[in-house]
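Report on the structure
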Amino acid sequence: MPDAPAAPRRSRWVAVTAGVGALALVAAGGIVSRMSNESRLTTLAAESAVPTVRVIRPETGTGAGELVLPADLRALNSAPIYARTSGYVQRWLVNIGETVRRGQVLAVLDAPEVEQQLAAARADLETAQANRRLAATTSNRWDQMLAKDAVSRQEADERRGELAARTAVAAAAAANVRRLETMIGFTRLRAPFDGVVISRNAEIGALVTAGSASAQPLFTIADVKQIRALVRVPQAFSAQVTPGMPVTLGLPEYPGRSFTATTTRSAGAVDPTSGTVLVELQAANGDRALKPGAYARATFPIQNAPGGVMVPPGALIFRPEGAQVAVLDANGRARLRDVAIGRDLGKSVEITSGLTIRDRVIDSPPDSLANGDQVRIAAADTDGSR
């Protein structure tokens, strides 16, 4: 009977021991699970730190190519017409878009002040001529009396001097009359050459002040039978652009039409600011489709740079060091290379140096990509890029 209580105590110890063991197993399982999760997270973080990139091969540029550059269209001749005489616009005779001939009257000004000045100048001229005639008569008479020793030589010389002075005054008065007559002639504005009126600022009754720095031209006349196109050619291609070279012009308002132009001259100097050479083209413009001041595309037939390759624009990296591309080395790391850009063809860019056809180029590299970074090749490019 005394041993009976020991059995319940053993049962309790067994139950406690089993509970502690179960808790230990649960805790151990949680620790193992957390360690596994941390390991997976570390692995995922390491994998995500390596960017996945697409690798492409540069394409070989063909020997014959095209150089497309913006062109600024200008009239062969263009002249703003200003008033040389102050007055009021009495009437204008031509409007924008009209064709004019050389010497044709464009507008007529009313200049009453100049007309009054001309009337006064003509009266002064008549007075000066009358005084000269009187001085000439007096001088002749004194010369005759000098021949008879009736007057002194001094007095005769004075009369000759007075005649010379009166003659000079008459000449000055005549010159003033001619000047004012010319000013009156300027009240009729005329076209300096055959062309088209491309602007008109003349309004009836408007006051026109000659010589004003802020004055607008009353008309602008442009000779558009021939159109000049000014193009800035990069220095790398300037040696291939020579006088007589045919060039094709394209305008956005004529998407299916091209215009033939000819290279006429070159500035023969490189602009240090832009690194380009100014070139002038000329094109016939019988139907006036080419308009002064318009934007156009000039296409030059040129030869591609020897050894040049083509890459997509997205492969280029622009940093303070200059233009670069990222290539993949044998160890799967990115290497940044400095390159020289030739032509931008829109869908592709010509690289003239710094890249070969055998290089594996990273397309659209991440902005944070640095020299020597480890990269992973996209699955779709793995077979074709190695």
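Report on the accompanying structure. Treat the numbers as computed from the prediction; the structure is a model and nothing was measured.

Describing the sheet that holds strand β19 (residues 340–344)
Strand order in the open sheet formed by four strands is β2-β15-β20-β19, with antiparallel pairing between adjacent strands. Edge positions in the sheet fall to β2 (59–60) and β19, since each of these pairs with one other strand and no more. Summarising the sheet, strand β15 (residues 309–311) and strand β20 (residues 349–353) pair through three bridges and their orientation is antiparallel. Bridging across to β20, Val-309 finds its partner in Ile-351.

Some words on the side chain of Thr-220
Here Thr-220 lies in strand β10 (residues 219–234). Polar contacts involving the side chain of Thr-220 include one to the side chain of Ser-199, which spans 2.6 Å. For Thr-220, the residues in contact, after removing those within four places along its chain, are Ser-78, Ala-79, Pro-80, Val-196, Val-197, Ile-198 and Ser-199.

Side note on the sheet that holds strand β9 (residues 207–208)
Strand order in the open sheet formed by four strands is β7-β6-β4-β9, with antiparallel pairing between adjacent strands. Of all the strands in the sheet, just β7 (188–190) and β9 have a single pairing partner and so form its edges. Inspection of the sheet shows strand β4 (residues 87–92) paired to strand β6 (residues 105–110) by four bridges, in the antiparallel sense. Paired with Arg-91 across the strands is Val-108, a residue of β6.

Here we look at the nonpolar core
Core analysis: the largest hydrophobic core is formed by 27 residues, its most contacted members being Leu-73, Val-231, Val-233, Leu-249, Leu-281, Ala-298 and Phe-300. Counting only elements with at least two residues in this core, the list comes to β3 (64–81), β10, β11 (246–251), β12 (254–271), β13 (276–284) and β14 (295–303). Every residue in contact with Ala-298, bar those within four places of it in the chain, is listed here: Leu-67, Val-68, Leu-69, Ala-71, Val-231, Val-247, Thr-248, Leu-249 and Leu-281. Of all hydrophobic cores here, the second largest spans 18 residues; its members include Ala-79, Ile-81, Phe-219 and Ile-221.

As for the side chain of Thr-263
Positionally, Thr-263 belongs in strand β12. In this structure Thr-263 comes out as buried when scored by relative accessible area, which is 3%. Setting aside chain neighbours within four positions, we find Thr-263 in contact with Val-241, Thr-242, Pro-243, Gly-244, Met-245, Val-247, Val-279, Glu-280, Leu-281 and Phe-300.

Examining the packing of helix α2 (residues 112–147) against helix α3 (residues 153–185)
One way to put it is that α2 packs onto α3 with a least axis distance of 7 Å and a crossing angle of 160°. With respect to their mutual orientation, α2 and α3 come out roughly antiparallel. Pair α2 / α3 crosses with left-handed handedness. Grouping the constituent residues of the contact of α2 with α3 by class yields 19 nonpolar, seven polar and 12 charged.

Considerations on α2
With 36 residues, α2 ought to run about 52 Å at 1.5 Å a step, and its terminal C-alpha atoms sit 53 Å apart, in line with that. Among the residues making up α2, those that are buried are Val-114, Leu-118, Ala-121, Leu-125, Ala-128, Ala-135, Ala-136, Ser-139, Trp-142 and Leu-146. Tucked inside the fold, the buried residues of α2 contact α3. Backbone geometry just downstream of α2 places Asp-149 in the positive-phi region, at approximately 60°.

Remarks on α3
Quick reminder: α-helices carry 3.6 residues per turn. Residues three or four places apart thus point the same way. Between its first and last C-alpha, α3 extends 48 Å over 33 residues, near the 48 Å set by a 1.5 Å rise per residue. Of all the residues in α3, the buried ones are Ala-156, Leu-163, Ala-170, Ala-173, Ala-174, Val-177, Leu-180 and Met-183. Its buried side turned inward, α3 meets α2.

A short note on the layout of surface pockets
Taken as a whole, the largest pocket encloses approximately 200 Å³ of empty space. What lines the largest pocket is a set of 17 residues, and nearest its centre among them are Val-208, Thr-209, Ala-215, Gln-216 and Leu-218. Counted by class, the lining of the largest pocket contains 11 nonpolar, five polar and one charged residues. There is about 160 Å³ of room inside the second largest pocket.

How each quantity is defined
Residues numbered from 1 in each chain as written. Predicted model: local features only at pLDDT ≥ 70, side-chain atom pairs only at ≥ 80, totals over all residues. Heavy atoms only, no water. Pairing = 2+ DSSP bridges. Helix = DSSP H or I, 4+ residues; strand = E, 2+ residues; numbered from the N terminus. Polar contact = N/O pair within 3.5 Å; in protein donor to acceptor, adjacent residues only side chain to side chain. Contact = heavy atoms within 4.5 Å. Core = buried A, V, L, I, M, F, W, Y, C linked by side-chain atoms within 4.5 Å. Buried < 20%, exposed > 50% of the residue type's maximum accessible area, 1.4 Å probe, protein only. Axes fitted to C-alpha atoms, helices over the stretch in contact; angles between N-to-C directions. Parallel < 35°, antiparallel > 145°, perpendicular 65-115°, else oblique. Left-handed = near helix turned anticlockwise from the far one by under 90°. Nonpolar A, V, L, I, M, F, W, Y, C, P; charged D, E, K, R; others polar. Expected span 1.5 Å × (residues − 1). 1 Å grid on protein atoms, 1.4 Å probe; cavity = no way out; pocket = protein on both sides within 12 Å on 5 of 7 lines; lining within 4 Å. Points joined across faces, edges and corners; volume = space filled by probe spheres on them.

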